[in-house]
Amino acid sequence: MRQYTVISIDRIDDLDWSIVNEQKETVRYNNSNTAFVVSFDAANSESVLNLSETGWMSLKKAHELMNTAEWLHEEQDI
Amino acid sequence: MINVYTRNYYELGCTYSQAAAEFDGINDYAITSAGLLKSNASGGDKQWVSFWIKDLDTSAQNAGETMFSQGFGGNSSSNAWYLAYNTRASNGTNLNAITFQWQSNGTGNRVVKRWNLFGANTSITGATSITDFWLANNSNINVNVNGYVHLLLLMDIPQAGQPMSTGNYDLYWNGQKLTLNTSPNIEIGNAVAQAGTPSLALGWNNPFNTAFSNARIDELFMTNSSNASTFMSANSLTTDQDVANYLYNNGCPVDVGNDGRWSGGNWRFENSWTNEEGTLSFNPINGATFTTDHA
């Protein structure tokens, strides 16, 4: 099962990018550019979660987080 | 003797497609190195974007869900195109509408069209109110036997240099043309010839850098300026409604044929990100993948 977590940007070079689904160049940051979100298979969770202060999230929980002001992008200009 | 003439074979399910592309709505997307849509200097013409989509969200989001976009990364002012479903605006206001925008050159040269899923379009979409959202767990929404909706954005693109208002932009849901909202309904300025090479993106609004989509997308069929009329002639399609009927195909993806005249705009996502012509591939980013839950 795909799991998600948030990692501080201070740890970006500590992450083994080969065990997450994202690439360093395309990862999604929060609006203050202090943290980023990654996803990973459960088998790799320990290595990834060692860098996280929030623990793992399901896709549903990750959606809830992305829907908060900290992560939500401004609506397209209409 | 077995009489098969009156049998609805779709009761057995749609089987032409066997796989679809899947995006998580967190950070997944797929992107190409080139786009297809553009305003031509030599004349206006018909162009379209056709695909099957299954929304996977189970609750309304305060953000659009991009179905496709075309443009230059992070540059919303130069020939930026997108089609997105909005459950709510970013301030939480309910919308329950699909929005199309083509920003040819800044906000002074653009088209914005929006179609509510409810109201005049309830009989087509199944959505009964502004809060009856298109979500995975809403059985009101009119979908095909595999839970997918067919969308067709059918456009008459103005010649470069001509007013945006000389174009036409219609959206078909399962083969039926949706009634356009009176607001926003923006057609200002002129179409601008495209300079440079834009990218097509699925699941994310690349030029606006926003609005990831939690959805499955299947059987993408886009035309460019030269091959829409060719495709129509080859299939004896005369009107826009003919095109919508043909591509909706009574609720199952249709085999448009691997024909070099138009297969450059046909991505089937049968465990491959490459078009049927073999000339242009999507690059899956941040975990975008395939699923056997097809249209």
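Each remark here, short or long, concerns the structure printed above.
Just so we're clear, the structure is a prediction, and the values are computed from it rather than from any experiment.

## Things to note about the side chain of T125 of chain B
Residues and elements named next belong to chain B.
- The residue T125 is located in helix α1 (residues 122-125) in this model.
- Using a relative accessible area of 0% as the deciding quantity, one classes T125 as buried.
- A polar contact is formed between the side chain of T125 and the backbone nitrogen of A127, at a distance of 3.1 Å.
- With near-sequence residues (within four places) excluded, T125 lies in contact with L117, N140, I141, N142, W173 and L178.

## Re the interface of chain B and chain A
- Across the contact, 37 residues belong to chain B and 23 residues belong to chain A.
- Each partner contributes to the roughly 2200 Å² buried at the junction of chain B and chain A, and carbon and sulfur atoms together form 46% of this total.
- The largest contributions to the chain B side of the interface with chain A come from I26, S90 and N286 of chain B, which together make up 27% of the buried area.
- On the surface where chain B and chain A come into contact, there are two salt bridges.

## So, the sheet that holds strand β12 (residues 199-202) of chain B
Residue and element names in this part refer to chain B.
- One open sheet holds the eight strands; their spatial order is β11-β7-β6-β5-β4-β12-β2-β15, and the pairing between them is antiparallel. The strands lining the two open edges of the sheet, one partner per strand, are β11 (186-188) and β15 (283-285). Averaged over all pairs of adjacent strands, the angle between their axes in this sheet comes to 15°, without regard to strand direction.
- In this sheet, β11 lies alongside strand β7 (residues 110-116) in antiparallel orientation, the contact comprising three bridges. Residue V111 lies in a different strand from β11, and its bridge partner there is E187.

## A short note on the packing of aromatic side chains
- Taken as a whole and judged by the stated rule, the model has 22 aromatic pairs over all chains.
- On the numbers, 6.2 Å between centres and 70° between planes, the contact of Y29 of chain A with F36 of chain A is edge-to-face.
- Measuring from centroid to centroid gives 5.7 Å for F231 of chain B and Y246 of chain B, while their planes differ by 80°, and the two rings are edge-to-face. Separated by 15 residues along the polypeptide, F231 of chain B in helix α2 (residues 228-234) and Y246 of chain B in helix α3 (residues 240-248) bring together distant segments of the chain.

## Details of the side chain of S39 of chain A
- Among the structural elements, S39 of chain A can be located in strand β3 (residues 35-41).
- Here E22 of chain A takes part through its side chain, which lies 2.8 Å from a polar atom of the side chain of S39 of chain A.
- Apart from the residues within four sequence positions on either side, S39 of chain A is in contact with R2, Q3, Y4, V20, N21 and E22 of chain A together with N286 of chain B.

The rules behind each value
Residues numbered from 1 in each chain as written. Chains lettered and ligands numbered in written order. Predicted model: local features only at pLDDT ≥ 70, side-chain atom pairs only at ≥ 80, totals over all residues. Heavy atoms only, no water. Helix = DSSP H or I, 4+ residues; strand = E, 2+ residues; numbered from the N terminus. Buried < 20%, exposed > 50% of the residue type's maximum accessible area, 1.4 Å probe, protein only. Polar contact = N/O pair within 3.5 Å; in protein donor to acceptor, adjacent residues only side chain to side chain. Contact = heavy atoms within 4.5 Å. Buried area = accessible area lost by both parts, 1.4 Å probe. Salt bridge = Lys/Arg side-chain N within 4 Å of Asp/Glu carboxyl O. Pairing = 2+ DSSP bridges. Axes fitted to C-alpha atoms, helices over the stretch in contact; angles between N-to-C directions. Phe/Tyr/Trp six-rings, centres within 6.5 Å; stacked < 30°, edge-to-face > 60°.

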